[in-house]
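# Summary of the model geometry
The primary structure of each chain is shown beneath.
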Amino acid sequence: MKEACLNNLSQQKNDFLRHGFVLVREFLSDSQLSEIKSETERYKKNVVPRLAEKEAFYEGDRRIENLKQLQRMEQHDDWFMNFATQPKWVNFAEYLLSNKVVLNGVEWFNKPPKSGKATPPHQDGYYFCLKPDEAVTLWIAVDRVDETNGCLRYSKKSHLKGIRRHGQSSILGFSQSILDFGDQDLANEEIARLEPGDMVAHHSRTIHWADNNQSSRSRESIALVFFSKCAQRDPEAYARYQRSFELQQRQISKNNISLDD
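Residues numbered from 1 in each chain as written. Predicted model: local features only at pLDDT ≥ 70, side-chain atom pairs only at ≥ 80, totals over all residues. Heavy atoms only, no water.

### Section: the sheet that holds strand S12 (residues 189-191)
Note: strands within a sheet are paired through backbone hydrogen bonds, in either parallel or antiparallel orientation. For the record, the criterion: Only when DSSP finds a minimum of two bridges between them are two strands counted as paired. Where helices and strands are cited, they refer to DSSP runs of H or I of at least four residues and of E of at least two residues respectively, numbered from the N terminus. Between N-to-C directions, angles cover 0 to 180 degrees, with each direction set by a line fitted to C-alpha atoms, over the stretch in contact for helices.
The sheet built from four strands is open, its strands ordered S6-S14-S9-S12 with antiparallel pairing. The sheet terminates laterally at strand S6 (119-122) and S12, the two strands that pair on one side only. Direction aside, the axes of adjacent strands within the sheet are offset by 25° on average.

Structure (structure tokens):
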């Protein structure tokens, strides 16, 4: 995967527009990364116990060590709102999308050692239900991320072909999966190997997925999601997605399926 840094904005944007994603090394400084780690631990200890089920997903029973995904963190804690709305991140998202942006959410992901399951191939735009479908996710590695612990994988140029047909998956937190994902998508695969503090930015139409965590290491990350200010939620499409998500939750609960990312 081609690398970029924040002093080469023109090349970054070209790569983002051409491929649907761009990797930026050392997006966070060591001090920022350390602060994120400590604030995330504080959030898990002090905020998570009072969250609704749809805001915190677990792998197995509801213990802190089993947490696999946190959503809308900025709505529950001022520190994450202040972090996500720093001009550096906002300006970068606006440059990639060529428009003003609004923060949609701050998310935390983990694939626990030896247990985090695969993330199905999907497009964020299917979940977002936007018109026009213009959004970007800044996915920041907290741990070292590689093939052994479930790094992100992208289908290059897939953002140029629109939203594909999705259907229910058994993975809570990623309730929808591309139904016709196949050899052509894999032929265009690019792997995002990241060191702590590196970031990969992807468009909402870019197909991406991740393997399970086969290692003894965790795979933690923080994601900042920005919508283009011109994008509006399609209420009919979003209602369909919500119904599918709620049905999946009921089925998972009924079948006692392990809830993994």
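### Digging into the packing of aromatic side chains
Let me state the cut-off plainly: Aromatic contacts are taken between Phe, Tyr and Trp rings whose centres are within 6.5 Å, Trp giving its six-membered ring; a plane angle under 30 degrees counts as stacked, one over 60 as edge-to-face, and the others as tilted. Buried residues are those whose accessible area, probed at 1.4 Å on protein chains only, stays under 20% of the maximum for their type, while exposed residues exceed 50% and partly exposed ones sit between those limits. A ring is considered to have a charge above it if a Lys NZ or an Arg CZ atom is located within 6 Å of its centre and within 35 degrees of its normal.
The tally for this structure, following the rule as stated, stands at nine aromatic pairs. Their ring planes at 50° and their centres at 5.6 Å tell us that Phe83 and Trp89 sit as a pair that is tilted. A residue is classified by how much of its surface remains accessible, and Phe83, at 6% relative accessible area, is buried. Judged by relative accessible area, which is 0%, Trp89 ranks as buried. Members of the aromatic cluster, joined through ring pairs, are Phe27, Tyr43, Trp79, Phe80, Phe83, Trp89 and Phe92. Just above the ring of Tyr95 sits the side chain of Lys13; from NZ or CZ to the centre is 4.8 Å. For Lys88, the ring lying beneath its charged end belongs to Phe27, and the centroid distance is 5.7 Å.

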